[in-house]
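# Chain and residue survey
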Amino acid sequence: MELHVRKLLVKATFSFENIATLALATNLVTYLTQVMHINIADAANQTTNYMGTSYILSIFIAILADMHIGRPKSVLISACFETVGLGLLAIQAHSSKLKPPPCDLFDPTAHCVKVGGGHAALLFGGLYLVAAGSAGIKASLPSHGADQFEEKDPKEAKQMSSFFNWFLLSGNIGTVISLTLVVWIQDNKGWDLGFGMSSISMVVGAFFFTSGLPRYRIQVIQKSNAFVEVIQVYVAAFHNRNLRLPEDPEDLFEIDGDKPVMEIEFLPHRDVYKFLDKAAIQSAPAAKQEKPNPWKLCRVTQVENAKIILGVLPIFCCAIIMTLCVAQLQTFSIQQAITMDTRITKHFHIPPASLAIIPIIFLLVLVPIYDRLFVPFARRITGHPTGITHLQRIGVGLVLSCLSMAVAGIIEVKRKEVARKHNMLDAIPVIQPLPMSVFWLSFQFFIFGIADLFSFIGLLEFFYSQAPKGMKSISTCFLWCSMALGFFLSTITVNIVNSATKGLTSSRGWLGGNNINRNYLNLFYWLLSLLSFLNFLAYLFVAKSYNYKPIAQAVRSPTIRKVLNDQYNKELEDIEVQK
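A short tour of the structure in this document, coming up. Please read these numbers as outputs of a predicted model, since none were measured by experiment.

### As for the overall build of the protein chain
Tallying secondary structure elements over the protein chain gives 19 helices and 0 strands in all. Going through the 579 residues of the protein chain one by one, you find that 57% of them count as buried. Considering only contacts within the protein chain whose residues lie at least 6 apart along the sequence, 84% involve residues at least 24 apart. With an accessible surface of roughly 24,700 Å², the protein chain has 65% of that area assigned to carbon and sulfur atoms.

As structure tokens, this is what we get:
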């Protein structure tokens, strides 16, 4: 019962955090164009930069949480940053003196004043406070939730995979509220009320998290820096590059696990990335030292941790292109929606940013089915405790992301045909909507929503299960960091595409200008689909050659350390869930 309460509080916190931030992230392009009068391409780039920052900062906050303040304090401090940032945005949106005068950016005869000076400083100051707060919660909350499970208890270890599924589900519940209620308030009742409601939601989430502090299992703060330890391995390997590796891995340096020591992780030697083994070559004088210089001699477990990080990097890189596709659904797809018929009934219009709710609603149904029906069924066929492996799950998501961009390109062709057929290529968005339902865009959102179910959870579990013990918080940041690079890559890609095609179109680029009906967004989508397909082919290669992390041992013995590669091959399917 105690474990269920802790899990519930963590999920509630994540749900309210999503209520606070998802509406902002999804509707930000609209806010920047319609209120702050930033052109479409620049607004899309500002949005992807904001999203990228909110993810990339997570890795630095995770290091801080692991080494100094702990994950619970990191969550609470981050919640404060997020609340203040949303409050500043609400104040600016409420005061006419802190933003440009009203103007229709899409009217070619209008002369709109773009936000600048102190007003721009207030805008981006608030945005990046929210980004920093969101990064801290992303960095610490999933790992803190996983900390509530006792890995040595087989029953609780098995429940951890299920926790990540339900963690996503709780976040999706918050997303539904954010993309419906909060977005509707932003578009119809005022941006100030929308940002204010988001700020209140974050306060409520922090309250739920704080109420569980007496109950939580608190992870011991690591005084060592896991990243520094990985760097030490490379420095020591380079320092010992001229030394000869011993024929027996038992001769490599490791501390004596038979002596009374605190909770220390021991990993057996693996016959991969042998050049890193040189970091553990001990000369006779070094062997006699009680505390050898870690920049010249590293223990085998430290070397194995460095090998794990090196092995994970190719999977990490393959996740970047998928986020490049996600960025377009939060930017250009919203701009498509603004030009279309958003009516559901005669008197009710769906906010364009709320389109993302379509796959979310589907996921609310699919996640329980996946967890309670598909996994047990697949488990009986494959014998794998999680039904299919994390890498297989990620691969499915990559294929679907490629398909999503291809479908998006097809829908954009149809949208432009409708505009051309009705002589509405220069129609003013919102005021003159195309006679085409906005729900045509639901196909690309729907497919990518399913991709999220497979890839997002698969990556989160994969990085957590494979990370060294001292890098559990940082491990979940591999996912956020790959997403950050994907958003930043989107900004770079948009600029490169516009620069390469500026002489080919009247709008000075495939994505140039404020008239989306005159640009070539369909070609951009198909370019991303091609990149996604090539990325999937690369993923197949790296996933097939990946060596799973060996099971950590509590004690060291010659028998445990001398493990051959053929012994691992029999256990590869179970290693990640046994950890």
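Moving on from the model shown.
### A look at the state of the cysteines
All chains considered together, the criterion is met by 1 disulfide. There is a disulfide in this structure between Cys103 and Cys112, and the S-S distance comes to 2.0 Å. Here Cys103 and Cys112 share a disulfide; its torsion about the S-S bond, -75 degrees, makes the bridge left-handed. Judged by its relative accessible area of 24%, Cys112 is partly exposed.

### A look at the pattern of salt bridges
Per the stated rule, a full pass over the model turns up 8 salt bridges. Its salt-bridge partner being Lys307, residue Asp277 comes within 2.8 Å of it at the nearest N-O pair. Here Asp277 is found in helix H8 (residues 274-277), whereas its partner Lys307 is found in helix H10 (residues 300-329), with 30 residues between them in sequence. Exposure class is identical for Asp277 and Lys307. Each is buried.

### Considering the environment of Trp440
Looking at the element boundaries, Trp440 is found in the loop between helix H13 (390-421) and helix H14 (442-466). Sequence separation between Trp440 and Lys414 is 26 residues, and the spatial gap between their C-alpha atoms is 9.4 Å. Excluding its chain neighbours within four sequence positions, the residues that come into contact with Trp440 are Met340, Ile411 and Lys414.

### Here's the deal with the side chain of Lys307
The class of Lys307 is buried, set by a relative accessible area of 1%. Polar contacts involving the side chain of Lys307 include one to the side chain of Asp277, which spans 2.8 Å. Not counting chain neighbours up to four residues away, the residues in contact with Lys307 comprise His269, Arg270, Val272, Tyr273, Leu276 and Asp277.

### Digging into the packing of helix H3 (residues 71-94) against helix H6 (residues 191-211)
At a closest axis distance of 8 Å, the pairing of H3 and H6 adopts a crossing angle of 165 degrees. The orientation of H3 relative to H6 falls into the category roughly antiparallel. Between H3 and H6 lies a crossing whose hand is left-handed. Contacts between H3 and H6 pair Pro72, Val75, Leu76, Ala79, Glu82, Thr83, Leu86, Gly87, Leu89, Ala90, Ala93 and His94 from the former with Trp191, Asp192, Phe195, Gly196, Ser198, Ser199, Met202, Val203, Ala206, Phe209 and Thr210 from the latter. Split by residue class, the contact of H3 with H6 holds 14 nonpolar, 7 polar and 2 charged.

### A few points about helix H4 (residues 117-147)
Spanning 31 residues, H4 covers 45 Å between terminal C-alpha atoms, matching the ideal 45 Å at 1.5 Å per step. Among the 31 residues in H4, 22 count as buried, and that is most of the element.

### Observations regarding the environment of Phe478
Mapping Phe478 onto the fold places it in helix H15 (residues 472-501). Since its relative accessible area comes to 7%, Phe478 is described here as buried. Phe478 sits 339 residues away from Ala139 along the chain, and the two C-alpha atoms are 9.5 Å apart. Once residues lying within four places of it in the same chain are set aside, the contact partners of Phe478 are Ile309, Phe316 and Phe463.

### Focus on unusual backbone geometry
Phi at His37 is positive, roughly 60 degrees, even though this residue is not glycine. Within the secondary structure, His37 is located in the loop between helix H1 (2-34) and helix H2 (40-69). Given a relative accessible area of 4%, His37 falls into the buried group. Phi is positive for Asn423, close to 55 degrees, though the residue is something other than glycine.

### Focus on the nonpolar core
The tendency in soluble globular proteins is for nonpolar side chains to be buried as a group. One finds Leu24, Tyr31, Tyr50, Phe332, Leu391, Phe524 and Tyr539 to be the most contacted residues of the largest nonpolar core, which totals 146 residues. Among the elements that line this core, the one with the most residues is H10, at 18 residues. In contact with Tyr31, other than residues within four places in its own chain, are Met36, Leu89, Gln92, Ala93, Leu123, Trp191 and Phe195.

### Concerning the packing of H13 against helix H16 (residues 521-544)
Across the interface, H13 lies against H16 with an axial gap of 8 Å and an inter-helix angle of 165 degrees. Taken as axis vectors, H13 and H16 run roughly antiparallel relative to one another. Our pair here, H13 against H16, has a crossing hand that is left-handed. For the contact of H13 with H16, the per-class residue count stands at 18 nonpolar, 8 polar and 2 charged.

### Some remarks on a nonpolar patch on the surface
A surface patch of nonpolar side chains, amounting to about 520 Å² of accessible area, comprises Leu530, Leu531, Phe533, Leu534, Leu537 and Leu540. Tracing the backbone through its elements, the reader meets Phe533 in helix H16.

The rules behind each value
Residues numbered from 1 in each chain as written. Predicted model: local features only at pLDDT ≥ 70, side-chain atom pairs only at ≥ 80, totals over all residues. Heavy atoms only, no water. Helix = DSSP H or I, 4+ residues; strand = E, 2+ residues; numbered from the N terminus. Buried < 20%, exposed > 50% of the residue type's maximum accessible area, 1.4 Å probe, protein only. Contact = heavy atoms within 4.5 Å. Areas by Shrake-Rupley, 256 points an atom, 1.4 Å probe, with all protein chains shown as cover. Disulfide = S-S within 2.5 Å. Salt bridge = Lys/Arg side-chain N within 4 Å of Asp/Glu carboxyl O. Polar contact = N/O pair within 3.5 Å; in protein donor to acceptor, adjacent residues only side chain to side chain. Axes fitted to C-alpha atoms, helices over the stretch in contact; angles between N-to-C directions. Parallel < 35°, antiparallel > 145°, perpendicular 65-115°, else oblique. Left-handed = near helix turned anticlockwise from the far one by under 90°. Nonpolar A, V, L, I, M, F, W, Y, C, P; charged D, E, K, R; others polar. Expected span 1.5 Å × (residues − 1). Core = buried A, V, L, I, M, F, W, Y, C linked by side-chain atoms within 4.5 Å. Patch = residues over 30% accessible without salt bridge, like charges linked within 9 Å, V, L, I, M, F, W, Y side chains within 5 Å.

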